[in-house]
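Below, each chain spelled out in residue letters.
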Amino acid sequence: TYAFWETQPVAQFKEDGNTLQILEEGPIDAPKTTADVRQEPYNLPAGFEWSTCDVNDKKIVEEVYQLLTMNYVEDDDNMFRFKYSQEFLQWALQPPGWQSEWVLGVRVSTSGKLVAFITGVPATVRARHTAISMVEINFLCVHKKLRQKRLAPVLIKEITRRVNLHGIWQAAYTAGVVLPKPLATAQYWHRSLNPKKLISVGFSRLAPRMTLARTLKLYKLPEQPVTEGLRHLEPKDVPQVAELLRGHLAQFELAPEFTEAEVLHYLLPVEGVIDAYVVEGPDGKVTDLASYYTLPSTIIGNAQYNTLKAAFMYYTVASRTPLLQLMQDLLVMAHQKGHDVFNALDIFDNEKFLKELKFGIGDGRLRYYLYNWRLARELKPQEVGLVLL
Ligand code: YNC
Ligand code: MG
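Residue numbers here run from 1 along each chain, matching the order of that chain's written sequence. Written order decides the labels, with chains lettered from A and ligands numbered from 1. Where totals are concerned, whole chains, interfaces and linings use all residues; where local detail is concerned, this predicted model gives features only for residues with pLDDT of at least 70, and gives and counts side-chain atom pairs only at 80 or more. Computation of side-chain values: all heavy atoms of the structure, hydrogens and water removed.

Asker: Run through the packing of aromatic side chains, naming residues and quoting values.
Answerer: To pair, rings of Phe, Tyr and Trp, with the six-membered ring standing in for Trp, must have centres within 6.5 Å; the planes then decide the type, stacked if under 30 degrees apart, edge-to-face if over 60, and tilted in the middle. Within this structure, the stated rule accounts for 26 aromatic pairs. Aromatic pair Tyr315 and Phe348: ring centres 5.8 Å apart, planes at 75°, arrangement edge-to-face. One end of the pair, Tyr315, is in the loop between strand 14 (310-313) and strand 15 (317-318); the other, Phe348, is in the loop between strand 16 (341-345) and helix 9 (351-354), and 33 residues separate them in sequence. Across the pair, Phe348 and Tyr315 agree in class, each one buried. Both a distance and an angle decide whether a charge sits over a ring: NZ of Lys or CZ of Arg must be within 6 Å of the ring centre and within 35 degrees of the ring normal. It is Arg38 that lies over the ring of Tyr42; its NZ or CZ is 4.2 Å from the centre. Helix and strand definitions follow DSSP, with helices as H or I runs of at least four residues and strands as E runs of at least two, each counted in order from the N terminus. In this scheme, a residue with accessible area under 20% of its type's maximum is buried, one over 50% is exposed, and one in between is partly exposed, where area comes from a 1.4 Å probe on protein chains only.

Asker: Any details on the site of ligand 1? Residues and values, ideally.
Answerer: Whether a residue is near a molecule or strand depends on its heavy atoms: it is near if one of them lies within 4 Å of it. Every one of the 34 residues lining ligand 1 counts as a neighbour, but Trp5, Leu140, Gln148, Arg150 and Ala152 are closest to it. Here an oxygen atom of ligand 1 and a backbone polar atom of Ala3 are 3.3 Å apart. Here a polar contact means two N or O atoms within 3.5 Å. Within protein one must be a hydrogen donor candidate and the other an acceptor candidate, and residues neighboring in sequence count only if both atoms are side-chain atoms. A distance of 3.0 Å separates an oxygen atom of ligand 1 from a polar atom in the backbone of Leu151. When residues of the shell around ligand 1 are traced back to their parent elements, those giving at least two are strand 5 (130-142), helix 3 (151-164) and strand 6 (171-175). Ranked by residue count, the leading element in the shell around ligand 1 is helix 3, at seven residues.

Asker: Would you mind going over the sheet that holds strand 12 (residues 297-299) in detail, with residue names and values included?
Answerer: Ordered by their spatial adjacency, three strands build an open sheet running 2-12-13, and the pairing between neighbours is antiparallel. Edge positions in the sheet fall to strand 2 (80-82) and strand 13 (307-308), since each has one partner strand and no second. Contacts between helix 1 (residues 58-71) and the sheet are confined to strand 2 and strand 12, with strand 2 contributing the most and set at about 150° to the helix. Note on pairing: two strands pair once DSSP finds at least 2 bridges between them. Should any heavy atoms of two residues lie within 4.5 Å, those residues are considered in contact. Only C-alpha atoms enter the line fits that serve as axes; for helices the fit covers just the stretch in contact. Angles between N-to-C directions range over 0 to 180 degrees.

Asker: Can you tell me about the environment of Ala172, naming the residues and giving the values?
Answerer: By secondary structure assignment, the location of Ala172 is in strand 6. Among the residues examined, Ala172 registers a relative accessible area of 1% and is labelled buried. The spatial distance from the C-alpha of Ala172 to the C-alpha of Thr110 is 34 Å, given a sequence separation of 62 residues. Contacts of Ala172, omitting those with residues within four sequence positions, involve Met134, Val135, Glu136, Ile137, Tyr369, Leu370, Leu386 and Leu388.

Asker: Can you explain the domain arrangement of the protein chain? Please cite residues and give values.
Answerer: Domain limits in this description derive from either an automatic procedure or a database domain assignment. Each domain of the protein chain was delimited in the assignment, giving domain 1 (5-178) and domain 2 (185-383). The C-alpha centroid of domain 2 is placed 25 Å from the C-alpha centroid of domain 1. Listed as interface residues are 55 residues of domain 1 and, on the opposing side, 44 residues of domain 2. For the domain 1 and domain 2 pair, buried surface summed over both sides reaches about 4,500 Å², with 57% attributable to carbon and sulfur atoms. Three residues, Phe80, Trp91 and Arg126, lead the burial of domain 1 against domain 2; their summed loss comes to 18% of the area buried on that side. Each reported salt bridge corresponds to a side-chain nitrogen of Lys or Arg within 4 Å of a carboxyl oxygen of Asp or Glu. Remark: the boundary between domain 1 and domain 2 carries two salt bridges. Glu253 is paired through a salt bridge with Arg128; the nearest N and O atoms lie 3.1 Å apart. Defined in terms of a 1.4 Å probe, buried area is the accessible area two parts forfeit on being brought together, summed over both.

Asker: Can you lay out helix 3 for me, pointing to particular residues and giving the numbers?
Answerer: An ideal rise of 1.5 Å per residue puts 20 Å on 14 residues; helix 3 measures up with 20 Å between its terminal C-alpha atoms. Those residues of helix 3 not exposed but buried are Leu151, Pro153, Val154, Leu155, Ile156, Glu158, Ile159, Thr160, Arg161, Arg162, Val163 and Asn164. If you follow the buried residues of helix 3, they end up packed against strand 1 (48-52), strand 3 (103-108), strand 4 (114-127), strand 5 and strand 17 (360-371). To estimate how far a helix should reach, multiply one less than its number of residues by 1.5 Å.

Asker: Could you give an account of the nonpolar core, with specific residues and numbers?
Answerer: Definition used in this section: a nonpolar core is a set of buried Ala, Val, Leu, Ile, Met, Phe, Trp, Tyr and Cys residues joined via side-chain atoms within 4.5 Å. Core analysis: the largest hydrophobic core is formed by 78 residues, its most contacted members being Leu245, Leu254, Leu289, Tyr314, Tyr315 and Tyr368. Each of domain 1 (5-178) and domain 2 (185-383) gives at least three residues to this core.

Asker: An account of the side chain of Thr160 is needed here, citing residue identities and associated values.
Answerer: Its place among the elements puts Thr160 in helix 3. What makes Thr160 buried here is its relative accessible area of 18%. A polar contact of 2.7 Å, which involves the side chain of Thr160, links it to the backbone oxygen of Ile156.

Asker: Break down the pattern of salt bridges for me, citing the residues and quoting the values.
Answerer: Per the stated rule, a full pass over the model turns up 18 salt bridges. The residue Lys32 makes a salt bridge to Asp29 at a minimum N-O spacing of 3.9 Å. Look at Asp29 and you get partly exposed, because its relative accessible area is 33%. Between Glu74 and Lys144 there is a salt bridge; the shortest N-O distance is 2.5 Å. Of this pair, Glu74 sits in the loop between helix 1 and strand 2 while Lys144 sits in the loop between strand 5 and helix 3, placing them 70 residues apart in sequence. Through salt bridges with shared partners, a single network forms among Arg231, Glu234, Lys236, Asp237 and Glu280.

Right, dumping it as structure tokens:
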């Protein structure tokens, strides 16, 4: 049972067996207006206070970075922990239309120490046939010493209130854990770029009957990309890339609808954060897009290495270049930039290249959720066209 989630407007597991009732696609809660929204912040346990976090303030982004670096998401075996960089946080939390009060922290009143966090950013996401103005919720984190004290539900209710005050009633989020109720379940796949390090830190293992030398050879990539006209995305490409993305994302049942301003924000390369490439034909037409973001992990308790450098596949559209070739070139670029591993989910049409390009299936699953929106049916991962950071 889910004492908190059963009180929330989300699809519930117990609806499954109910064959008499056909549940309609759409909002779960009765319509509300901003006047119906509670004006006062939710109460925190005594000794804690709400704190809006300005990530443009160097001191504050450092505090957020430290909280997440020590307390954010770990793999099932507690060997690795996500280590979002400060530049990444500034980028991810300030897309067009971002609201300062949706970057929400909890501090200890006496010391001021930041001990919990949650964020929302605005986005238009289409769920099947309906484009919905919503928020994407991310970076929910409670300090390890304050776990299992029901702080997370308070954070979720308070961010919901702050979002509702803007007349927004839906949200999208992903999590590794099972909550009521996933609309899709995706799996992580990993492509070794630096197999020697990955084996040495226990991220991967030498396959049976494989030597290290054979493994290195297996994963060896060309030094340079092969696609003619492949180059970094530039601001002048944005109108064409936005069009390319719009066309591509239309085929998925869950996908963002990006404005040109959002394309510029989310895809313009930022060193060590987001890297995006386009293919420009001889006629100046942009025909393809490939991108990944950089999210390292702390390697917990390894004497030789502190950090695993991981690239995560982001939005990619192959219209003229074969997808396999485009993705291979993206792997080459990620390898050139010193990444140890390239991660991708089995969403989009990624199944078409994962095995061929020597990705191996991981043990991590990622569940997709919508708040206050019901879908008539569960989606297959290949029907998902949304990447949350
Ligand atoms: C989770 N990841 O089931 P029940 S993903 C949501 N997302 O509720 P307590 C979660 N809910 O079962 P703890 C959750 N994990 O009673 C647990 N829960 O109904 C639920 N980990 O709260 C859980 N970051 O405070 C239970 O648990 C209730 O102290 C228990 O805190 C949980 O960012 C957490 O994995 C996750 O920092 C903060 O374990 C803590 O354990 C932690 O007693 C490591 O909470 C980091 C981590 C989560 C990453 C993410 C997406 C979050 C989505 C939140 C939901 C948003 C809803 C939409 C709001 C806007 C709506 C509008 C409009
Ligand atoms: Mg707690």
